[in-house]
Amino acid sequence: MTRSETETETRTNSPRIVRTVSDLRTIVEGWKADGHSVGLVPTMGALHHGHLSLVHLLARHVDHVVVSIFVNPAQFGPGEDLARYPRQEAKDVAALANSAADLVFAPDVEEVYPHGFSSSVHITGLTEDLEGASRPGHFDGMATVVMKLLLQSQCDTAIFGEKDYQQLAVIRRMAEDFNLPVKIVAAPIVREDDGLAASSRNAYLDQAQRQVAVGLNRILADLVSRAEAGENLASLEQKGRKALLAAGFDSVDYVCFRDATTLAPIRNLRQPARLLAVARLGTIRLLDNMAVAATVTDR
């Protein structure tokens with residue numbers, strides 16, 4: 001049993017806020033005792049319409065939606081934006097009042113990482129390239145907190161956006177490797193009207209940077225079109241880096257075509273692929289990715 005489309009769209013009451021694992025589990029256990037299913041939307045707050053779309057989509061799969069709001073220090077590296085990452089709980093809860101969220105789990109750091117906490121989740125292979133190379137330790141911190149949130153919430157389903165595509169792949173691998181009884185749902189990237197992928201960090205962009213930022217989506221779309229038309233992938237990766245720099249980005253971490261499931265490097269489009277890129281404007285890293293269709297067939 002899940003909520004109907006009408007129930008999802010007409011809900012207007014504010015979700016309850018809990019801050020401890022004990023309170024979260026008490027509520028979830030009550031729902032499950034009534035035979036209801038539970039879904040989780042993990043977030044770091046600073047909610048935008050992309051997050052709200054996750055809530056709406058997940059509500060089609062489950063009876064009750066929990067939204068976690070926790071800025072996870074374990075996934076920020078030295079010199080990253082942990083201190084200035086936006087924290088606006090009251091605004092976030094107000095936004096969720098018009099969504100399908102039933103409960104907000106907003107723990108403090110000591111609740112998630114109590115004194116003496118000394119464990120970590122490490123997924124090999126998928127975490128060692130791309131974002132893993134640019135942000136050492138990031139995926140260990142992310143996987144650890146996601147594992148905790150999945151277990152703490154006892155959810156049946158959890159949803160993650162495709163914008164952080166490598167993160168999604170890591171979480172899928174973790175859920176499979178640990179036989180977690182949780183269905184992982186992927187949600188399409190939500191974009192602004194000009195094509196920029198929705199992100200909490202977009203708020204950091206000044207007007208001039210915002211005008212440059214929209215070029216990321218445009219350039220990736222062109223690369224995908226040319227790849228599917230048969231152009232050499234390695235050559236397109238180099239052309240993509242040059243195009244981003246010419247468009248005004250300060251630097252490019254990577255532009256690469258990868259296998260859509262394993263994220264392994266590829267030379268052709270014999271299998272569905274993903275084009276992934278990160279470009280920087282000052283200290284702001286902008287991530288984006290696009291699906292690439294398989295076009296090569298063995299004869």
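The present account deals with the structure reproduced in this document. Counting from 1, residues in each chain are numbered in the order their sequence is written. With pLDDT at 70 or above as the cut-off, local features in this predicted model cover only qualifying residues; side-chain atom pairs require 80 or more to be listed or tallied, and sums for whole chains, interfaces and linings still use all residues. Hydrogens and water molecules were not included; the side-chain quantities draw on all heavy atoms of the structure.

Put simply, helix H7 (residues 138-153) and helix H8 (residues 165-177) touch, their axes get as near as 11 Å, and they point 55 degrees apart. Our classification of the angle between H7 and H8 gives oblique. Both H7 and H8 take part in a crossing whose hand is right-handed. Where H7 approaches H8, its residues Phe-139, Met-142, Ala-143, Val-146, Met-147 and Leu-150 are matched on the opposing element by Gln-166, Gln-167, Val-170, Ile-171 and Met-174. When its residues are assigned to classes, the contact of H7 with H8 shows nine nonpolar, two polar and no charged. Each axis is a line fitted through C-alpha atoms, and for a helix only the stretch in contact is used; angles between axes span 0 to 180 degrees, taken between their N-to-C directions. Going along the chain from the N terminus, every DSSP run of H or I of four or more residues is numbered as a helix, and every run of E of two or more is numbered as a strand. Each angle gets one of four labels, with under 35 degrees taken as roughly parallel, over 145 as roughly antiparallel, 65 to 115 as roughly perpendicular, and the rest as oblique. With the far helix as reference, a near helix turned anticlockwise by less than a right angle produces a left-handed crossing, and one turned clockwise produces a right-handed crossing. Throughout, a contact is declared for two residues whenever any of their heavy atoms are within 4.5 Å. Residues are grouped as follows: Ala, Val, Leu, Ile, Met, Phe, Trp, Tyr, Cys and Pro are nonpolar; Asp, Glu, Lys and Arg are charged; every other residue, Gly included, is polar.

What follows covers helix H2 (residues 21-33). Multiply 1.5 Å by the residue count of a helix minus one, and that product is the helix's expected span. With 13 residues, H2 extends 18 Å from end C-alpha to end C-alpha; this agrees with the ideal 18 Å at 1.5 Å per step. Listed in full, the buried residues belonging to H2 are Val-21, Leu-24, Ile-27, Val-28 and Trp-31. Buried residues of H2, seen end-on, are gathered within an arc of 135 degrees and therefore sit on one face of the element. The exposed set on the far side of H2, more than 90 degrees from its buried face, consists of Thr-26 and Ala-33. When accessible area is computed with a 1.4 Å probe and restricted to protein chains, residues below 20% of their type maximum are described as buried, those above 50% as exposed, and intermediate ones as partly exposed. By definition, the arc is the one covered by directions from the helix axis to the C-beta atoms.

With respect to the helices, strands and loops of the structure, Pro-15 is situated in the loop between helix H1 (5-10) and strand E1 (16-18). Through-space distance from the C-alpha of Pro-15 to that of Asp-177 is 33 Å; in sequence the pair is 162 residues apart. Aside from chain neighbours lying at most four places away, what touches Pro-15 is Val-93, Leu-96, Ala-97, Ala-101, Asp-102, Leu-103 and Val-104.

Among buried residues, the Ala, Val, Leu, Ile, Met, Phe, Trp, Tyr and Cys ones that are joined through side-chain atoms within 4.5 Å form a nonpolar core. Core analysis: the largest hydrophobic core is formed by 45 residues, its most contacted members being Val-66, Val-146, Leu-150, Ala-158, Met-174 and Ile-184. Counting residues per element, the ones that place at least two in this core are H2, strand E2 (38-43), strand E4 (103-105), H7, strand E5 (157-161), H8, strand E7 (251-259) and strand E8 (273-281). Element by element, the count of residues in this core is highest for H7, at eight residues. One finds Leu-196, Leu-244, Ala-273 and Leu-275 within the second-largest nonpolar core, a separate group that totals 33 residues.

The next point concerns the pattern of salt bridges. Where charged atoms from two side chains of opposite charge come close, those side chains can pair. We define a salt bridge as a contact between a side-chain nitrogen of Lys or Arg and a carboxyl oxygen of Asp or Glu at a distance within 4 Å. Per the stated rule, a full pass over the model turns up 17 salt bridges. A salt bridge links Glu-80 to Arg-135, with the shortest nitrogen-to-oxygen separation between them at 2.8 Å. Of this pair, Glu-80 sits in the loop between strand E3 (64-69) and helix H4 (89-96) while Arg-135 sits in the loop between helix H6 (131-134) and H7; the two residues are 55 residues apart in sequence, bridging distant segments of the chain. Assessed through its relative accessible area of 28%, Glu-80 is described here as partly exposed. Look at Arg-135 and you get buried, because its relative accessible area is 11%. Note that Arg-274 and Glu-162 form a salt bridge whose closest N and O atoms lie 3.1 Å from each other. Linking Arg-274 in strand E8 with Glu-162 in the loop between E5 and H8, this pair joins segments that are 112 residues apart in sequence. For the pair Arg-274 and Glu-162, one class covers both residues: buried. Each of the salt bridges in this network shares a partner with another, and the network as a whole consists of Glu-131, Asp-253, Arg-280 and Arg-285.

Consecutive side chains along a regular strand alternate between the two faces of the sheet. For E3, the tally of buried residues reaches six of six residues, placing the bulk of the element in the interior. Side chains of E3 alternate between two faces, with His-64, Val-66 and Ser-68 and Val-65, Val-67 and Ile-69 buried alike. Inspection of the sheet shows E2 paired to E3 by six bridges, in the parallel sense. Along E3, the bridge assignment pairs Val-38 with His-64. Think of it like this: strands point away, you trace from the first strand over the helix to the second, and a clockwise trace means the crossover is right-handed. For the crossover that starts at E2, traverses helix H3 (residues 49-58) and ends in the parallel E3, the hand is right-handed. Bridge count for E3 against E4 is three bridges, and the pairing is parallel. Bridging across to E4, Val-67 finds its partner in Val-104. Chirality of the crossover, the property in question, places the unit of E3, H4 and E4 among those that are right-handed. Note: two strands are recorded as paired if DSSP finds a minimum of 2 bridges between them.

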